[in-house]
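Spelled out, the chains give:
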Amino acid sequence: MASPMRSLFTNPARYLQSFRLFLANSTEHQCMQEFMERQLPAVIASIGNGKSTINILSVGGGAGEIDLLILSKLQARYPGTTINNDVIEPSADQIFKYKERVAETTNLENVKFTWHEETAYEYESRMNAEKKSKKWDLIHMIQMLYYVKDVPATIQYFHGLLEAQAKLLIILVSGSSGWETLWKKFGSSFPLDDLCSYVSSADIKKILDSARMKYQLHELPSYMDITSCFIEGNEDGELLLDFLTETCEFSKTAPPELKRQVMEELRKPEYSEERDGKVLFNNNLSVIVIEP
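Please read these numbers as outputs of a predicted model, since none were measured by experiment.

*Asks:* Could you clarify how one ought to interpret helix α10 (residues 235-245) in this entry?
*Replies:* Count 3.6 residues to each turn of an α-helix, and residues three or four apart come out pointing the same way. Here α10 lies mainly inside the structure; nine of its 11 residues are buried. All of the buried residues in α10 are Gly237, Glu238, Leu239, Leu240, Leu241, Asp242, Phe243, Leu244 and Thr245. Of the residues flanking the start of α10, the one acting as N-cap is Asn234, its side-chain oxygen 3.0 Å from the backbone nitrogen of Asp236. The positive-phi residue at the C-terminal boundary of α10 is Glu246, with phi of around 55 degrees.

*Asks:* What is the right way to read the pattern of salt bridges from this model?
*Replies:* Side chains carrying opposite charge are able to pair once their charged atoms draw close together. Taken as a whole and assessed by the stated rule, the structure comprises 18 salt bridges. Residues Lys252 and Glu238 are paired through a salt bridge, measuring 2.9 Å at the closest nitrogen-oxygen approach. Taken together, the positions of Lys252 in helix α11 (residues 250-253) and Glu238 in helix α10 put the pair 14 residues apart, joining distant regions of the chain. Look at Lys252 and you get exposed, because its relative accessible area is 57%. Close ionic contact of Glu274 with Arg267 constitutes a salt bridge, the shortest N to O distance being 2.9 Å. The exposure class of Glu274 is partly exposed, given its relative accessible area of 48%.

*Asks:* Would you mind showing me how to read the UniProt feature "binding site: substrate" (unreviewed entry) in the chain here?
*Replies:* When the UniProt feature table is mapped onto this chain numbering, "binding site: substrate" (unreviewed entry) sits at Glu28 and Asn283. With the annotated positions falling across 256 residues, the maximum pairwise C-alpha distance of 7.4 Å places them together in a single cluster. Along the polypeptide, Glu28 turns up in helix α2 (residues 28-38). Here Glu28 is in contact with Phe22, Leu23, Gln143, Ser222, Asn283 and Leu285, once residues within four sequence places are set aside.

*Asks:* Looking at this structure, I do not really get the pairing of strand β6 (residues 162-173). What am I missing?
*Replies:* A regular strand places its side chains so that they alternate between the two faces of the sheet. Of all 12 residues making up β6, nine are buried, and the element is well covered by its neighbours. Strand direction decides the pairing type here: strand β5 (residues 136-142) and β6, joined by six bridges, are parallel. When the sheet's bridge partners are listed, Met141 is paired in β6 with Ile170. Considered for its hand, the β-α-β crossover made up of β5, helix α7 (residues 151-159) and β6 is right-handed.

*Asks:* Honestly, unusual backbone geometry in this entry has me stumped. Any pointers?
*Replies:* Negative phi is the rule for most residues except glycine; trans is the rule for most peptide bonds. The phi dihedral of Glu246 falls on the positive side, at around 55 degrees, and the residue is not glycine. Inspection of the secondary structure puts Glu246 in the loop between α10 and β9 (247-248). On the accessibility criterion, Glu246 (12% relative accessible area) is buried. We note that Asp276 has phi near 50 degrees; this positive angle belongs to a residue other than glycine. Inspection of the secondary structure assignment puts Asp276 in the loop between β10 (272-275) and β11 (278-282). The class for Asp276 is exposed, based on a relative accessible area of 77%.

Rules used throughout
- Here, residues in each chain are numbered from 1, in the same order as that chain's written sequence.
- In keeping with the model being predicted, local features are shown solely for residues with a pLDDT of at least 70 and side-chain atom pairs are shown and tallied solely at 80 or more, while totals for entire chains, interfaces and linings include all residues.
- Note that water and hydrogens are dropped before the side-chain values are worked out from all heavy atoms of the structure.
- Three labels apply to residues, based on accessible area from a 1.4 Å probe with only protein chains included: buried if under 20% of the type maximum, exposed if over 50%, partly exposed otherwise in between.
- Working definition: helices are DSSP H or I runs of at least four residues, strands are E runs of at least two. Numbering for both runs from the N terminus.
- For this analysis, a polar contact is any N or O atom pair within 3.5 Å, provided that within protein one partner can donate a hydrogen and the other can accept it, and provided that sequence-adjacent residues contribute only side-chain to side-chain pairs.
- Between Lys or Arg on one side and Asp or Glu on the other, a salt bridge is scored when a side-chain nitrogen of the former is within 4 Å of a carboxyl oxygen of the latter.
- UniProt positions are given in the numbering used here, feature names are shortened, and annotations may be inferred rather than shown by experiment.
- Contact criterion: two residues are considered in contact whenever any of their non-hydrogen atoms come within 4.5 Å of each other.
- Any two strands with at least two DSSP bridges between them are considered paired.
- With the strands pointing away from the viewer, any crossover whose connection runs clockwise from the first strand over the helix to the second is right-handed.

Set out below in structure tokens:
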């Protein structure tokens, strides 16, 4: 009999709800913000040298929260320089939120925003069709490589658009995270649709090494409080379980044995640590900075 389990992506509203809860219960954005504050200035130190205009491409820019942080660091490093910030983002809802955020932010006079409501693949196809290959001083892909069909080809394409001093910045879950362990063990049991693939920094490193690309890797410690997942019938816990397994209503639709195994595993030290009565899932991220 076919399992009643379905991918969380088949229910966009529930996906968004669970994603927002994930952000509220994790240090995801905080650890990225810390990286942007402390380490990004060194990464971008020479990308705009001698240029009157700096071109940035944000691939999968989402609602723009991290993008605006990156822009503020660029403005601090290159005061007064014109910045063209192009954003590729397939979700109209996210673009709307991004535009709202820009409207509420001061000091963006020298930044010109262009939004492209399309996927990375659609952008690439359109550029190829128009025979355009604009070069960029910084390209960043933050938590988006899970949503591309062909990860090596996507990296290769955007890497080819880098200027001589430019950088390609990738952020995604670390190969040392609980996500990697969870996917390796249960990935084949979850109803993954073709919208999403399980990819971590361990996979990206292999791709870059085989393509002989030069890069630096930074690990960002992060956790997600999943204590509520172990409270039977807790609504937040059920949404977080959906996010972890990428399954819509996991606790109601998963076969009992699978649910039992997942709940048991999530408490193990390979996934989480227990601290002050809380279960903290290892949400570590990796930042990969690739040279031209």
